[in-house]
Amino acid sequence: MFLLDSDYKTFNEKAYVRLILKNDSKVETFYKDFDPYIWAVCDENEVESIKKKIEGITKEVNGKSLFIKKCMPEERYLFGKKVSAIKIIFNHPSDVPNLRKEIEDITEIYEYDIPFARRFLIDKNLTPAIYYDFELEKEGNMSFVKNFQITNNLNLSIKVLAFDIEVYCKAKPDPKYDPIIMMGISTNDFDKVITYKKVTADYIEIVDNELLMMKRFFDILLEYNPDIIYTYNGDSFDFPYIYERAKKLKINHPILNEIKIDKRGINDSSKISGMVHIDLYPLSRKLLSLNKYTLENVYLNFLGKEKTKLQLAEMDRLWEEGTQDGLLKIALYNKEDAVAAKDIGAAIGPLEIELSRIVGQNIFDISKMASSNMVEYLLMKRAFQEKTIVPNKPKGSEYLERSSDTYEGGFVLDPQKGLHEHIAVFDFRSLYPSIIIAHNIDPNTIGCDCCNNTSPDGVNFCLNKKGFIPEILKELIERRVQIKKKLKETSDKNERTIYQSQQWALKILANSFYGYMGYPRSRWYSKEAASSIASWGRKYIHKAIKIAEDMGLNVLYGDTDSLFVGLGSEDMKKSKEFRDKVNSTLPDFMELEFQGYYRRGFFVSKKRYAIIDKENNITTKGLEVVRRDWADIAKKTQEEVLKAILEGKGPEYAAEIVRKTTQELIEGKTPLDSLIIYTQLTMPLSSYKQIGPHVVVARHMKEKGEDIKAGSMISFIVKNGDGMIRDRSYDVETFKNEGYKYDAEYYIDNQVLPAIMRILKGFGYTEENLRFSKNIQKTLGDYF
DNA sequence: TGGTGACGGGG
DNA sequence: GTGTACGTCACCA
Ligand SMILES: [Mg+2]
């Protein structure tokens, strides 16, 4: 059996860790003998007196009397030194925050904010997603864990299910009014769409109404009982919508008690106990580098697969019409969305599982965790094994101090602006991990008089002291080398997926250590370490640039660990020569790799560029406006300009596109639909301190009697005239009804030009070169 | 100029 | 859950 998920439950005021184990079926089992605890640290000769004081603490909370269960003095390590510690054991995890202050008044405390179920996995060295032999015991109708033994069998059989819902709505979907019309499911055993209008296809199941559709969906979920559920944006859409809609329809179903929607804070999370819900949208954002993260775009650019498209308005119309063909279109779209989620899950799920194994935390938690947090849990696990007390997270003031105490990061070369052909891109393999390991960079190795190992920014790191972080990092890097070797040796598809995921997971973690030490919320934070890593990195990249220049190569751009070199022609020999020269000149642990050849590219400024390869794949950085609060006309014009330049049509051709667009704007020929700006009202109208255009429009709409509230999407067009933008912004309906004229100047100066200037600035154009002033004809002539 | 507010995905 | 994003950009005050 392997661990799928864990949390804890309270019975008779005692907390039991609950483990969801999986074999052929799922088992819910509990662990009895694990108590919550924290550490106190004090002078050796004070241990007894402090122990007494702590044991004497009692406190009334909500009519209950809380007290410390037990204190046990133990030797531990803290910041690399042996200390006298007291293990303070509590009756219940929730006692810890309640009694923390009282203990803190007596002495220093540590490890007081580690969630109970996570603490359990660390202390018991129980790793998710690895087979163990579990010895279980029945007591009444509950199962308890007596013992477990690792088997190292990694070959999981995991049942997955992906789903997606479609909603019929005129504006922003609101579960109070807008019905779910279809629910699509995809598994490795079947695909299915449930709906309640008459439409025929082998994968469609028809029920009488929405309520029965949802019940049927819940039944299938329980019956199929998948280990992993994949959604795309299910955390903030599908799950909350289903949950709210079920409430509205007064559906009673046991599964609803298992669903937990967490909308507090900024990150949504939807959990369904007994199953691991993995939302692929936030993961795609984290793992892939794309300019847009729609399901469609991720499916195409990550997996190279296409699915049918369906406009929202079209879907509404087809649902209203209710014809076989129309409904089939919706059903197909719905099914394909579920299939796409399943496919993306098949590519990303194994990675999450490997991360879960390496870090030692639940798959669900890992799928929501930032990589710096994963590094932290990995370090905490190791710290426990080495009897080392984990440093505390910074309190508010210390966090602010750390945040404002900035340091110099990687070196970014000011690019040679404009268009370039034949570009070779190189990067240092694992630049920062290599530096951390080679220079033994750790918060606890700072300062010694035995080593000559001083960073370019003047911090000395001892090479003889054990470096906790570099040691762990070295293991990760070495494991990755081994796995990549295995990957080369096998052609078995399943093995390759596992190795591929393992090496990806190790890469993600290894690359997060530098950021971790410089992240102000880290427990093992060290500004000296982070700034030293960056300073060594700058030194090495400068050396590489110098070598390139000495070889007569044209260095176009560079950022931290990468170099963009102009070759003059597709000169692979020169490219190789440069790489080899760098590798033979720099220390052994540094390795420059040839990343790729690009036939064309342009640079605008630091962090803003675009390149295109021989297969016409475009990579852009910092250029594109792809947000709904930009009008279509700006987005479209920018895209055309980008393509024109990368396809080699020349900047002047691109400039002409802009002039034509602005001309059409001035002449009033631009369709209104491409001028709409969409902005969401994120709070009640009364809460606004700053009245922006969308707030004014929203007020106006509310006066007209429309249902406007926090969450409403406001779409507006800016009318011509003088004064502030907000006073000339009107909802689309009013704008059209009144026959208003749009403000060409606004759309040129605030939309089109800013968008395209991100690109054309790099070619020496100014707004004036591209803007049509009132006397168009004259200005136009100047350009030819 | 500083502060406020919105973006992302989903329908 | 022994907790609380993120970096970036536009425009109002
Ligand atoms: Mg869909």
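All of these numbers come straight from a predicted model, not from anything done at the bench. (Residues numbered from 1 in each chain as written. Chains lettered and ligands numbered in written order. Predicted model: local features only at pLDDT ≥ 70, side-chain atom pairs only at ≥ 80, totals over all residues. Heavy atoms only, no water.)

Some remarks on a negative patch on the surface
Here comes step 1: Side chains of Asp43, Glu44, Glu46 and Glu75 sit close together on the surface and give a patch of like negative charge.
Here comes step 2: Looking at where Glu44 falls in the secondary structure, it is placed in the loop between strand S4 (37-42) and helix H1 (47-55).
Here comes step 3: In this structure Glu44 comes out as exposed when scored by relative accessible area, which is 67%. (Patch = residues over 30% accessible without salt bridge, like charges linked within 9 Å, V, L, I, M, F, W, Y side chains within 5 Å. Areas by Shrake-Rupley, 256 points an atom, 1.4 Å probe, with all protein chains shown as cover. Salt bridge = Lys/Arg side-chain N within 4 Å of Asp/Glu carboxyl O. Lys, Arg positive; Asp, Glu negative; His and termini not counted. Charge placed at Lys NZ, Arg CZ, Asp CG, Glu CD. Helix = DSSP H or I, 4+ residues; strand = E, 2+ residues; numbered from the N terminus. Buried < 20%, exposed > 50% of the residue type's maximum accessible area, 1.4 Å probe, protein only.)

Quick notes on the sheet that holds strand S13 (residues 191-195)
Here comes step 1: Pairing is mixed in the open sheet, where six strands are placed in the order S14-S13-S12-S11-S15-S18. Strands with a single pairing partner mark the edges of an open sheet, and in this sheet they are strand S14 (204-206) and strand S18 (276-279). Within this sheet the neighbouring strands show an average axis-to-axis angle of 25 degrees, counted without direction.
Here comes step 2: With five bridges joining them, strand S12 (residues 180-187) and S13 adopt antiparallel strand pairing. (Pairing = 2+ DSSP bridges. Axes fitted to C-alpha atoms, helices over the stretch in contact; angles between N-to-C directions.)

Considering helix H4 (residues 210-224)
Here comes step 1: An ideal rise of 1.5 Å per residue puts 21 Å on 15 residues; H4 measures up with 21 Å between its terminal C-alpha atoms.
Here comes step 2: Every buried residue of H4 is listed here: Glu210, Met213, Met214, Phe217, Phe218, Ile220, Leu221 and Tyr224. Taken around the axis of H4, the buried residues stretch over an arc of 160 degrees, which confines them to a single face.
Here comes step 3: Of the surrounding elements, those touching the buried residues of H4 are strand S11 (160-167), S12, S13, strand S15 (228-231), helix H5 (234-248) and strand S17 (269-272).
Here comes step 4: Residue Asn209 occupies the N-cap position of H4, its side-chain oxygen lying 3.2 Å from the main-chain nitrogen of Leu211.
Here comes step 5: Of the residues flanking the end of H4, it is Asn225, one or two places downstream, whose phi is positive at about 50 degrees. (Expected span 1.5 Å × (residues − 1). Arc of directions from axis to C-beta. Contact = heavy atoms within 4.5 Å. Polar contact = N/O pair within 3.5 Å; in protein donor to acceptor, adjacent residues only side chain to side chain.)

Observations regarding the UniProt feature "domain: DNA-directed DNA polymerase family B multifunctional" (unreviewed entry) in chain A
Here comes step 1: According to UniProt, the "domain: DNA-directed DNA polymerase family B multifunctional" (unreviewed entry) feature falls on residues 371-761.
Here comes step 2: From the first C-alpha to the last, residues 371-761 spans 35 Å; its make-up is 46% helix and 15% strand. (UniProt positions renumbered as here; feature names shortened; annotations may be inferred.)

Some thoughts on the pairing of strand S6 (residues 64-78)
Here comes step 1: Of the pairings in the sheet, the one linking strand S5 (residues 58-61) to S6 comprises four bridges and is antiparallel in character. Bridged to Glu60 within S6 is Ser65.
Here comes step 2: Once S5 ends, the chain turns through two residues before running back antiparallel as S6, passing Asn62 with a positive phi of about 50 degrees.
Here comes step 3: Taken together, the 10 bridges between S6 and strand S7 (residues 81-90) define a ladder with antiparallel strand orientation. Bridge pairing in S7 links Lys70 to Ile89.
Here comes step 4: Between S6 and S7, which pair antiparallel one after the other, the connecting turn spans two residues, and Phe79 there sits at a positive phi close to 50 degrees.

What about the packing of aromatic side chains?
Here comes step 1: Across all of its chains, the model carries 37 aromatic pairs by this definition.
Here comes step 2: Between Tyr132 and Phe134, the aromatic rings sit 5.7 Å apart at their centres with planes inclined by 45 degrees, giving tilted as the arrangement.
Here comes step 3: Accessibility expressed as a relative area gives 12% for Phe134, which makes it buried.
Here comes step 4: Seen in terms of ring centroids, Phe564 and Tyr609 are 5.1 Å apart; in terms of plane orientation they differ by 65 degrees. Their pairing is edge-to-face. Taken together, the residues span a long stretch of sequence, with Phe564 in strand S22 (residues 562-566) and Tyr609 in strand S24 (residues 608-612) at a distance of 45 residues.
Here comes step 5: On the accessibility criterion, Tyr609 (11% relative accessible area) is buried.
Here comes step 6: Through successive ring pairs, a cluster of aromatic residues spans Tyr8, Tyr31, Phe34, Phe116 and Phe120.
Here comes step 7: Here the basic side chain of Lys32 rests over the ring of Phe144, its NZ or CZ set 4.6 Å away from the ring centre.
Here comes step 8: The lysine or arginine in question, Lys159, covers the ring of Tyr224, its NZ or CZ lying 4.5 Å from the ring centre. (Phe/Tyr/Trp six-rings, centres within 6.5 Å; stacked < 30°, edge-to-face > 60°. Lys NZ or Arg CZ within 6 Å of the ring centre and 35° of its normal.)

What about the sheet that holds strand S23 (residues 592-605)?
Here comes step 1: With respect to topology, seven strands assemble into an open sheet ordered S19-S21-S22-S20-S23-S24-S25, the strand pairing being antiparallel. Looking at strand neighbours, the two that pair on one side only are strand S19 (412-413) and strand S25 (618-621), the edges of this open sheet.
Here comes step 2: The pairing of strand S20 (residues 418-428) with S23 spans 10 bridges and is classified as antiparallel. Bridge pairing in S23 links Phe426 to Phe594.

What to know about the protein's contact with DNA strand B
Here comes step 1: Surveying the vicinity of DNA strand B reveals 32 residues, the closest of which are Ala171, Met315, Thr682, Tyr688 and His694.
Here comes step 2: At the protein interface, 66% of the atoms of DNA strand B within 4 Å belong to sugar or phosphate.
Here comes step 3: Contact distances for DNA strand B include 2.8 Å between a phosphate oxygen and a side-chain N or O atom of Arg285.
Here comes step 4: At a separation of 2.9 Å, a phosphate oxygen of DNA strand B approaches a polar backbone atom of Lys689.
Here comes step 5: Secondary-structure elements contributing two or more residues to the surface near DNA strand B are S11, helix H6 (280-287), helix H8 (312-321), helix H9 (324-359) and strand S26 (677-680).
Here comes step 6: With four residues, S11 is the single largest residue contributor to the surface near DNA strand B.
Here comes step 7: Among the residues making up the surface near DNA strand B, the classes are represented as 15 nonpolar, seven polar and 10 charged. (Near = heavy atom within 4 Å. Nonpolar A, V, L, I, M, F, W, Y, C, P; charged D, E, K, R; others polar.)

Focus on the packing of helix H11 (residues 371-385) against helix H14 (residues 468-489)
Here comes step 1: Look at H11 against H14: their axes get within 11 Å of each other, and the N-to-C directions meet at 110 degrees. For the element pair H11 / H14, the angle class is roughly perpendicular. Taken as a pair, H11 and H14 cross one another with a handedness that is right-handed. Residue-level inspection shows Leu378, Leu379, Arg382 and Ala383 of H11 in contact with H14, the latter providing Phe468, Ile469, Ile472, Glu475 and Leu476.
Here comes step 2: For the contact of H11 with H14, the per-class residue count stands at seven nonpolar, no polar and two charged. (Parallel < 35°, antiparallel > 145°, perpendicular 65-115°, else oblique. Left-handed = near helix turned anticlockwise from the far one by under 90°.)

What to know about the domain arrangement of chain A
Here comes step 1: Once the domains are mapped, chain A shows domain 1 (2-150), domain 2 (160-359), domain 3 (393-466 + 513-618) and domain 4 (627-783).
Here comes step 2: One C-alpha centre belongs to domain 2, the other to domain 4; they are set 34 Å apart. (Domains from an automatic or database assignment.)

Observations concerning the environment of His439
Here comes step 1: In this fold, His439 is placed in the loop between helix H13 (431-438) and H14.
Here comes step 2: Accessibility expressed as a relative area gives 9% for His439, which makes it buried.
Here comes step 3: Remark: the alpha-carbon pair of His439 and Asp174, spanning 265 residues in sequence, is separated by 56 Å.
Here comes step 4: Ignoring sequence-local partners within four residues, the contact set of His439 consists of Asn453, Phe461, Leu463, Trp536, Tyr540 and Phe589.

Considering the nonpolar core
Here comes step 1: In terms of nonpolar packing, the biggest core is built from 97 residues, with Leu280, Leu379, Phe428, Ile436, Phe513, Trp524 and Phe578 touching the most fellow members.
Here comes step 2: Examining the composition of this core, we find that 11 residues originate from one element, helix H17 (residues 527-550), more than from any other.
Here comes step 3: Beyond its immediate sequence surroundings of up to four residues, Ile436 is in contact with Ile441, Ile469, Pro470, Leu473, Phe513, Tyr514, Met517 and Ile533.
Here comes step 4: Counting 50 residues, the second largest nonpolar core, distinct from the first, contains Phe602, Ile657, Ala698 and Val718. (Core = buried A, V, L, I, M, F, W, Y, C linked by side-chain atoms within 4.5 Å.)

So, the side chain of Asn297
Here comes step 1: Here Asn297 shows up in helix H7 (residues 295-303).
Here comes step 2: One polar contact links the side chain of Asn297 to the main-chain carbonyl oxygen of Lys292, over a distance of 2.8 Å.
Here comes step 3: Apart from the residues lying within four places of it in its own chain, the contact partners of Asn297 are Leu290, Asn291, Lys292 and Phe302.

Notes on the protein's contact with DNA strand C
Here comes step 1: Looking at DNA strand C, there are 30 residues lining it, with Tyr112, Phe116, Ile266, Tyr519 and Arg726 nearest.
Here comes step 2: Considering DNA strand C, the proportion of its atoms within 4 Å of the protein that are sugar or phosphate atoms stands at 60%.
Here comes step 3: In this structure, Tyr8 approaches DNA strand C through a side-chain N or O atom, which is 2.7 Å from a phosphate oxygen.
Here comes step 4: When contributions to the surface near DNA strand C are tallied by element, the ones reaching two or more residues are helix H2 (95-104), helix H3 (116-123), strand S16 (259-262) and helix H23 (744-760).
Here comes step 5: When its residues are assigned to classes, the surface near DNA strand C shows 16 nonpolar, two polar and 12 charged.

As for the side chain of Asp174
Here comes step 1: Relative to the helices and strands, Asp174 resides in the loop between S11 and S12.
Here comes step 2: What makes Asp174 buried here is its relative accessible area of 17%.
Here comes step 3: Discounting residues that sit within four places of it in the chain, Asp174 has contacts with Tyr241 and Lys709.

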